[in-house]
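# Secondary and tertiary structure notes
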Amino acid sequence: MTAQLTTRVLKANAASVAEAARILAAGGLAAFPTETVYGLGADATDGRAVARLYAAKGRPAFNPLIAHVVDLKAAQALARFNPKAARLAKAFWPGPLTLVLPKTAKCRVADLATAGLDTIAVRVPHHTVALEILAAFGKPVVAPSANRSGHVSPTRAEHVQVDLAGRIDLIIDGEATPIGVESTIIACLEEPVLLRPGGLPRAAIERALEQKLAYAPAGSPHIEEAPLAPGMLGAHYAPRTRMRLDVRRVDPGEALLAFGRRPAEGTSGALKVLNLSARGDLIEAAANLFSHLRTLDAAGAPAIAVMPVPHEGLGEAINDRLRRAATPR
Ligand code: TXA
Ligand code: MG
């Protein structure tokens, strides 16, 4: 049980960035925006701070965290880059890409943060506030999505507040996150493998590498014995309301998560309708996904019906999160 804390919410500016760095240095917990979703930051090198972070999220300690750093040079102190990893980092950092790499011998990240693995997940976020905090703090920051474990990832400071008020020290309010789904995770241990589709579309990575990517989420036959992304449990991104996917005909009284210009059959009988993107734009849809799921979850409908979303570009990440959200618990 964690003691009740007073959680301050501050608008992003030079003073609040300095305060976030101060809190991290003191072993505290500070949530901040990245380009993907809000992260809950702790000093990656401080095992007690990391333990506090797991407790605040209610997260199983076997689920390792991503170390956020300010640039490639800082990442190279933590992880060994083979040529393909270096190519991806140069092409896409700062940006919504996480690389899982072998840890270096001098890596000072706490074992608890990597769940005792000899690999580490690293990323350089593409967001002014996140980068300013990392620069001011000067050390790696572990930052899972700033939600209670098993809840939908937060794309606004208010979402963080709903989940974590009283459990963390500070929330930096930097408005809605531009991308809205988490980073794409690639393991570059030998051949690159996609572990989690996310904010960087697979096609962009395949172009940069000039090769196709294998996809090996946890539970897939490749890695059943030693899950590469242990956090990718089936039921992970989860509203409380039951979900029905690929719906073309809405049942009366359901909440509807729509996509595109053409309404699903029965739309007028829905309890509440939100459209991911009325113009059928997958980038806009990703940015709206978690926020819309939270709103529809609160509508009190017996189910959330979700219209089909095309599987191209960011659609791969959107469909991945929808499928997880729909997994019965
Ligand atoms: O966009 C994002 O990545 C956000 C923002 C805040 O940066 N962060 C985020 O963190 O989504 P989190 O903790 O919710 O998801 C991290 C994922 C988990 O599925 C975890 O299992 C996986 O990364 N992971 C971390 N370290 C790993 C490792 N060494 N090997 C394999 N997977 C790892
Ligand atoms: Mg998460």
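Residues numbered from 1 in each chain as written. Chains lettered and ligands numbered in written order. Predicted model: local features only at pLDDT ≥ 70, side-chain atom pairs only at ≥ 80, totals over all residues. Heavy atoms only, no water.

Parsing the protein into structural domains produces domain 1 (8-225) and domain 2 (242-325). Spacing between the C-alpha centres of domain 1 and domain 2 amounts to 27 Å. Each side of the interface is counted separately: domain 1 has 25 residues, and domain 2 has 14 residues. Summed over both sides, the interface between domain 1 and domain 2 buries roughly 1400 Å², with carbon and sulfur atoms accounting for 55% of that surface. Contact with domain 2 buries surface across domain 1, with V152, V181 and P197 losing the most and accounting together for 34% of the total. Applying the counting rule to domain 1 against domain 2 returns 3 salt bridges. Of the charged contacts in the structure, one is a salt bridge between D163 and R294, with a shortest N-O distance of 3.7 Å. Counting every contact that joins domain 1 to domain 2 gives 6 residue pairs in polar contact (both at pLDDT 80 or more). Going through the elements one at a time, α6 (157-164) and β10 (193-196) are the ones with two or more residues in the side of domain 1 that touches domain 2. (Domains from an automatic or database assignment. Contact = heavy atoms within 4.5 Å. Buried area = accessible area lost by both parts, 1.4 Å probe. Salt bridge = Lys/Arg side-chain N within 4 Å of Asp/Glu carboxyl O. Polar contact = N/O pair within 3.5 Å; in protein donor to acceptor, adjacent residues only side chain to side chain. Helix = DSSP H or I, 4+ residues; strand = E, 2+ residues; numbered from the N terminus.)

As a further point, take unusual backbone geometry. A cis geometry characterises the amide bond from W93 onward to P94, with omega recorded as -5°. Tracing the sequence through the fold places P94 in the loop between α4 (83-92) and β5 (97-102). With a phi angle near 70°, E175 is a residue other than glycine that sits in the positive phi range. One can find E175 in the loop between β8 (170-173) and β9 (184-187).

Our focus in this paragraph is the sheet that holds strand β14 (residues 272-275). The sheet built from 4 strands is open, its strands ordered β12-β15-β13-β14 with parallel pairing. Two strands bound the open sheet, and with one partner strand each, they are β12 (242-244) and β14. Here the strands of the sheet are splayed against their neighbours by 20° on average, with no regard to which way each runs. Two strands pair when backbone bridges link them, and β12 and strand β15 (residues 303-306) are joined in this way by 3 bridges, in the parallel orientation. For R242, the partnering residue across the bridge sits in β15 and is A303. Each of β12, β13 (255-258), β14 and β15 is contacted by helix α8 (residues 282-297), which is oriented at about 175° to β14, the strand it contacts most. (Pairing = 2+ DSSP bridges. Axes fitted to C-alpha atoms, helices over the stretch in contact; angles between N-to-C directions.)

Our next topic: the packing of α4 against helix α7 (residues 202-209). Viewed as axis vectors pointing N to C, α4 and α7 meet at an angle of 120°, and their least axial separation amounts to 10 Å. Looking at the two axes, α4 sits oblique to α7. For the crossing formed where α4 meets α7, the hand is right-handed. Within the contact between the two elements, α4 uses K84, R87, L88, A91 and F92 and α7 uses A204, I205, A208 and L209. Split into classes, the residues belonging to the contact of α4 with α7 amount to 7 nonpolar, no polar and 2 charged. (Parallel < 35°, antiparallel > 145°, perpendicular 65-115°, else oblique. Left-handed = near helix turned anticlockwise from the far one by under 90°. Nonpolar A, V, L, I, M, F, W, Y, C, P; charged D, E, K, R; others polar.)

A word on the pattern of salt bridges. The full count for this structure, using the stated rule, is 21 salt bridges. Where R22 meets E19, a salt bridge forms, and the shortest distance between an N and an O atom there is 2.9 Å. Of this pair, R22 and E19 both sit in helix α1 (residues 14-25), separated by 3 residues, roughly a single helical turn. For R22, a relative accessible area of 48% puts it in the partly exposed group. For K84, the salt bridge identified is with E191, shortest N-O distance 3.2 Å. Here the residue K84 occupies a position in helix α4, and E191 occupies one in the loop between β9 and β10, the gap between them amounting to 107 residues. Residue class for E191 comes out partly exposed when judged on its relative accessible area of 48%. It is possible to trace a salt-bridge network through shared partners that takes in E182, D320, R321, R323 and R324. (Buried < 20%, exposed > 50% of the residue type's maximum accessible area, 1.4 Å probe, protein only.)

The next point concerns helix α5 (residues 128-137). Spacing of three or four residues puts side chains on the same side of an α-helix, whose turn is 3.6 residues. Among all positions of α5, only V129, A130, I133, L134 and F137 are buried. The buried residues of α5 all sit within an arc of 135° when viewed along its axis, so they share a single face. Set apart from the buried face of α5 by more than 90 degrees, the exposed residues are T128 and A135. Check the buried side of α5 and you find it contacts α1, β2 (30-33), β3 (38-43), β4 (66-68), β7 (141-142) and β8. Where α5 ends, the next residue or the one after it, G138, has phi of about 80°, a positive value. (Arc of directions from axis to C-beta.)

Let us now look at the state of the cysteines. On inspection of all chains with the given rule, the structure shows 0 disulfides. Just so you know, C107 is unpaired, no disulfide at all, and the nearest cysteine sulfur is the one on C188, 17 Å from it. With relative accessibility at 1%, the residue C188 sits in the buried group. (Disulfide = S-S within 2.5 Å.)

Counting residues in hydrophobic clusters, the biggest one holds 50 residues, and the most contacted among them are F81, L88 and L99. For this core, the secondary-structure elements that each account for two or more residues are β3, α2 (47-57), α4, β5, β6 (119-123), α6 and α7. Filtering out sequence-adjacent residues up to four positions away, F81 remains in contact with L72, A75, Q76, A86, A89, W93, L99 and L101. With 26 residues, the next largest nonpolar core counts V181, L282, I304 and V306 among its residues. (Core = buried A, V, L, I, M, F, W, Y, C linked by side-chain atoms within 4.5 Å.)

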